[in-house]
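Commentary on secondary and tertiary structure
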Amino acid sequence: METIQIQYLDDTIKRLCYIDGKSDWIDLRAAKEVEMAEGEFQLIPLGVAMQLPEGYEAHIVPRSSTYKNFGIIQTNHTGIVDHSYCGANDWWYMPAYALRDTIIHKNDRICQFRIVKNQPKLIFDEVGALSGKDRGGIGSTGVQ
């Protein structure tokens, strides 16, 4: 088990925790009330900064209900925080784009994260043809 140092923006930010039995992802919350007009972009503060262990990174994505509840999408679709982003002022944010007028209240759950090991170094071996089963080249359906 790894230990991660965490700094909270203030004492009113709800503390991080796992949702019992549902997932190993952890919810992140808005650190302030945010009003957004349709078509507006904002960096929504998440109220945390962490010092991840070397060799690890955090993957931040919207919750499945974020668009339904707030009408926002995360502009980079997946945010990556590497272990070097660990200073006292390296706060985490969600880059959000509003598809309708919305208000997000402080401590609303708007995204989630998990900590993963960095990808290992890879060597690419160029070949003339691959030897696996041909599935048609378009995802799992194999059709266009």
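Residues numbered from 1 in each chain as written. Predicted model: local features only at pLDDT ≥ 70, side-chain atom pairs only at ≥ 80, totals over all residues. Heavy atoms only, no water.

Once that is clear, we can look at the overall build of the protein chain. On a plain count of helices and strands, the protein chain comes out with one helix and 11 strands. Put simply, the protein chain runs from its N terminus to its C terminus through helices and strands in the order β-β-β-β-β-β-α-β-β-β-β-β. Scaling as 2.2 N^0.38, a compact globule of 144 residues should have a C-alpha radius of gyration of about 15 Å, whereas the protein chain reaches 19 Å, well beyond that. Structurally, the protein chain occupies a C-alpha span of about 60 × 40 × 30 Å along its principal axes. By residue count, 33% of the 144 residues in the protein chain fall in the buried class. A separation of at least 24 residues holds for 75% of the contacts in the protein chain among residues at least 6 apart in sequence. For the protein chain, the accessible surface area stands at approximately 9800 Å², while carbon and sulfur atoms represent 50% of it. Across the protein chain, the centroid of the 15 positively charged side chains sits 7 Å from that of the 19 negatively charged ones. (Helix = DSSP H or I, 4+ residues; strand = E, 2+ residues; numbered from the N terminus. Rg over C-alpha atoms; globule rule 2.2 N^0.38 Å. Buried < 20%, exposed > 50% of the residue type's maximum accessible area, 1.4 Å probe, protein only. Contact = heavy atoms within 4.5 Å. Areas by Shrake-Rupley, 256 points an atom, 1.4 Å probe, with all protein chains shown as cover. Lys, Arg positive; Asp, Glu negative; His and termini not counted. Charge placed at Lys NZ, Arg CZ, Asp CG, Glu CD.)

Taking strand neighbours across the sheet as the criterion, the three strands line up as β4-β9-β7 in an open arrangement whose pairing is antiparallel. In the strand order of this sheet, the two ends are held by β4 (41–45) and β7 (72–74), each with one partner. The sheet shows a mean angle of 40 degrees between the axes of neighbouring strands, taken without regard to direction. Where β7 meets strand β9 (residues 93–98), three bridges bridge the pair, whose relative direction is antiparallel. The residue of β9 that forms the bridge with I72 is A98. (Pairing = 2+ DSSP bridges. Axes fitted to C-alpha atoms, helices over the stretch in contact; angles between N-to-C directions.)

A contiguous nonpolar surface patch, about 730 Å² in accessible area, is contributed by F41, L43, Y67, I73, Y85, Y93, Y97 and L99. Broken down by secondary-structure element, the contributors of at least two residues to the nonpolar patch are β4 and β9. Residue position: L99 is located in the loop between β9 and β10 (102–104). With relative accessibility at 36%, the residue L99 sits in the partly exposed group. (Patch = residues over 30% accessible without salt bridge, like charges linked within 9 Å, V, L, I, M, F, W, Y side chains within 5 Å. Salt bridge = Lys/Arg side-chain N within 4 Å of Asp/Glu carboxyl O.)

This part is about the packing of aromatic side chains. Enumeration over the complete set of coordinates arrives at one aromatic pair. Of note, R15 hangs over the ring of Y8, and the distance from its end group to the ring centre comes to 3.9 Å. Over the ring of Y67 we find R100, and its NZ or CZ is 6.0 Å from the ring centre. (Phe/Tyr/Trp six-rings, centres within 6.5 Å; stacked < 30°, edge-to-face > 60°. Lys NZ or Arg CZ within 6 Å of the ring centre and 35° of its normal.)

Our next topic: the layout of surface pockets. Approximately 450 Å³ is the volume found for the largest pocket. Tallying contributions element by element places strand β11 (residues 109–117) first for the lining of the largest pocket, with three residues. Classifying every residue of the lining of the largest pocket gives 11 nonpolar, no polar and three charged. (1 Å grid on protein atoms, 1.4 Å probe; cavity = no way out; pocket = protein on both sides within 12 Å on 5 of 7 lines; lining within 4 Å. Points joined across faces, edges and corners; volume = space filled by probe spheres on them. Nonpolar A, V, L, I, M, F, W, Y, C, P; charged D, E, K, R; others polar.)

Any functional reading would require information that these geometric values do not contain.
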